[in-house]
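Summary of structural features
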Amino acid sequence: MDAYSLLIAATLNAGTVLAIASLGLLINEKAGIVNLGAEGMMLCAAIAGFAAVVHTGSDVAGFMAGIAAGAVMAAIFGVLVIWLNTNQYATGLALSLFGAGFSAFAGISYVQEKMPDRPSFAIPGLSDIPFIGPALFKHHPMVYLTVLFALGLIWFLYRTRAGLILRSVGESPESAHALGYPVRAIRLSAVVCGGALCGLAGAYISVIYTPLWVEGMVAGKGWIALALTTFATWRPARVLLGAYLFGGVTMLQFHLQGIGVEVPSQFLTMLPCLATIVVLALISRNPRWIRINMPASIGKPFYPGS
């Protein structure tokens, strides 16, 4: 039973990374912007967060550094694609490549660094419950805050005027512009917010998930987060569910190895990416369903004078 309890705990921990990044990308895409630079932003945020904790000893400082790194990179991306009308896909890929290279360069001196001793987290009373306690109530507060943020995002998008305006910018920017809304400013705000969340996800990886710095340690999670928004048909609750599903697949490889299942390690390592491809292939069987849920102007530039 302990092994399964640890598997659930590891699934929630791994899923939190994907959930934070995916919710940020969902905000981008609700505004009609596709940012393929998630992997690069998460890598830069990971080294920024790790360096901040090494020098200050504060998790909060690490998270803030990661958020700042992600927001700055997203702001640069936003200016290029929203004001200069560069191609969103090419600019996003360039951002991802830049982030991978810059984080490797900036992190050279931190490869052997160790963070100070970390506090342990547990909810008093609930964490002592057999099986359930270790599985659900011994996590970093960010795990629980992610769930609350997803619920808050649902409320924001579908129950507030600001959320309606954001969705209208993603559905019909021309109509929103005709009503007097600053489409470009709204899109830039959404992009920066999404980048900040990707930065938070990157910092969570290097500060909590695997508290160290290794070049390329995000290991494709940014790309999986991008796929998750489509898998979830741009709904926050489904993003959260999908994140934990993919987190479980990621952790399953270690669980199978731990119980002695004779499966090549290379196959287990590729399970998360394989699951992503299978899910996207299944969803793509019904293009009409995708079109109904996808923001109508996603990936398309907006020209105020048109």
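Residues numbered from 1 in each chain as written. Predicted model: local features only at pLDDT ≥ 70, side-chain atom pairs only at ≥ 80, totals over all residues. Heavy atoms only, no water.

Observations regarding the side chain of serine 103
- When you line up the elements, serine 103 lands in helix α4 (residues 88–106).
- Among the polar contacts made by the side chain of serine 103, one reaches the main-chain carbonyl oxygen of glycine 99 at a distance of 2.8 Å.
- Beyond its immediate chain neighbours, meaning those up to four positions away, serine 103 contacts Leu43, Cys44, Ile47 and Trp213. (Helix = DSSP H or I, 4+ residues; strand = E, 2+ residues; numbered from the N terminus. Polar contact = N/O pair within 3.5 Å; in protein donor to acceptor, adjacent residues only side chain to side chain. Contact = heavy atoms within 4.5 Å.)

Some points on the packing of helix α1 (residues 2–30) against helix α9 (residues 183–209)
- For the pair α1 and α9, interaxial distance at closest approach is 7 Å and the crossing angle is 170°. The angle between α1 and α9 falls in the class roughly antiparallel. Counted together, Asn13, Ala14, Thr16, Val17, Ile20, Ala21, Leu23, Gly24, Leu25, Ile27 and Asn28 of α1 and Ala190, Val191, Cys193, Gly194, Leu197, Cys198, Leu200, Ala201, Tyr204, Ile205 and Tyr209 of α9 form the full contact between these two elements.
- Tallied by class, residues from the contact of α1 with α9 come to 17 nonpolar, five polar and no charged. (Axes fitted to C-alpha atoms, helices over the stretch in contact; angles between N-to-C directions. Parallel < 35°, antiparallel > 145°, perpendicular 65-115°, else oblique. Nonpolar A, V, L, I, M, F, W, Y, C, P; charged D, E, K, R; others polar.)

Examining unusual backbone geometry
- Phi at asparagine 85 is positive, roughly 55°, even though this residue is not glycine.
- Mapped onto the fold, asparagine 85 is located in the loop between α3 (59–83) and α4.
- Residue class for asparagine 85 comes out partly exposed when judged on its relative accessible area of 24%.
- Positioned with a positive phi, threonine 233 is a non-glycine residue whose angle comes to about 45°.
- Among the secondary structure elements, threonine 233 is positioned in the loop between α10 (221–231) and α11 (236–258). (Buried < 20%, exposed > 50% of the residue type's maximum accessible area, 1.4 Å probe, protein only.)

Considerations on α4
- With 19 residues, α4 ought to run about 27 Å at 1.5 Å a step, and its terminal C-alpha atoms sit 26 Å apart, in line with that.
- Regarding α4, the residues found buried are Gln88, Thr91, Gly92, Leu95, Ser96, Gly99, Ser103 and Ala104.
- The inward-facing, buried residues of α4 abut α2 (38–56), α3 and α10.
- Two to three positions downstream of the cap, the backbone nitrogen of tyrosine 89 sits 2.9 Å from a side-chain oxygen, assigning the N-cap of α4 to asparagine 87. (Expected span 1.5 Å × (residues − 1).)

Quick word on the nonpolar core
- Met42, Phe63, Tyr204 and Trp213 are the most contacted members of the largest nonpolar core, which has 81 residues in total.
- With 14 residues, the single largest contributor to this core is α9.
- Not counting chain neighbours up to four residues away, the residues in contact with methionine 42 comprise Val17, Ala21, Cys198, Ala201, Gly202, Ile205, Val218, Lys221 and Gly222. (Core = buried A, V, L, I, M, F, W, Y, C linked by side-chain atoms within 4.5 Å.)

Quick notes on the state of the cysteines
- For the coordinates displayed, the defined rule picks out zero disulfides.
- Lacking any disulfide linkage, cysteine 44 is separated from the closest cysteine sulfur, that of cysteine 198, by 12 Å.
- Residue class for cysteine 44 comes out buried when judged on its relative accessible area of 6%.
- As a non-bridged cysteine, cysteine 193 has cysteine 198 as the owner of its nearest cysteine sulfur, 10.0 Å distant. (Disulfide = S-S within 2.5 Å.)

Focus on the environment of glutamine 266
- Summarising the element assignment, glutamine 266 is placed in helix α12 (residues 265–269).
- Sequence-wise, glutamine 266 and isoleucine 8 are 258 residues apart; in three dimensions their C-alpha atoms are separated by 23 Å.

Remarks on the packing of α2 against α3
- For the pair α2 and α3, interaxial distance at closest approach is 7 Å and the crossing angle is 150°. Classed by the angle they form, the pair α2 and α3 counts as roughly antiparallel. In the crossing of α2 with α3, the sense of the turn from one axis to the other is right-handed. Facing Gly40, Met41, Cys44, Ala45, Ala48, Gly49, Ala52, Val53 and Thr56 of α2, the residues of α3 in contact are Asp59, Ala61, Gly62, Ala65, Gly66, Ala69, Gly70, Met73 and Ala74.
- Across the contact of α2 with α3, the residue classes break down as 11 nonpolar, six polar and one charged. (Left-handed = near helix turned anticlockwise from the far one by under 90°.)

Quick notes on helix α7 (residues 161–171)
- Along α7, the residues classified as buried are Gly163, Ile165, Leu166, Val169 and Gly170. Within α7, the buried residues cover an arc of 160° as seen down the axis, which keeps them to one side.
- Looking at the buried side of α7, the elements it contacts are α1, α6 (141–159), α8 (173–178) and α9. (Arc of directions from axis to C-beta.)

So, the packing of aromatic side chains
- Counting across every chain of the model gives three aromatic pairs.
- Consider the rings of phenylalanine 98 and phenylalanine 102, whose centres lie 5.6 Å apart with planes at 15°: the pair is stacked. With phenylalanine 98 and phenylalanine 102 both in helix α4 and four residues apart, this pair spans about one turn of that helix.
- For phenylalanine 102, a relative accessible area of 41% puts it in the partly exposed group.
- Between phenylalanine 231 and phenylalanine 246 the ring centres are 5.7 Å apart and the planes differ by 90°, which places this aromatic pair in the edge-to-face class. (Phe/Tyr/Trp six-rings, centres within 6.5 Å; stacked < 30°, edge-to-face > 60°.)

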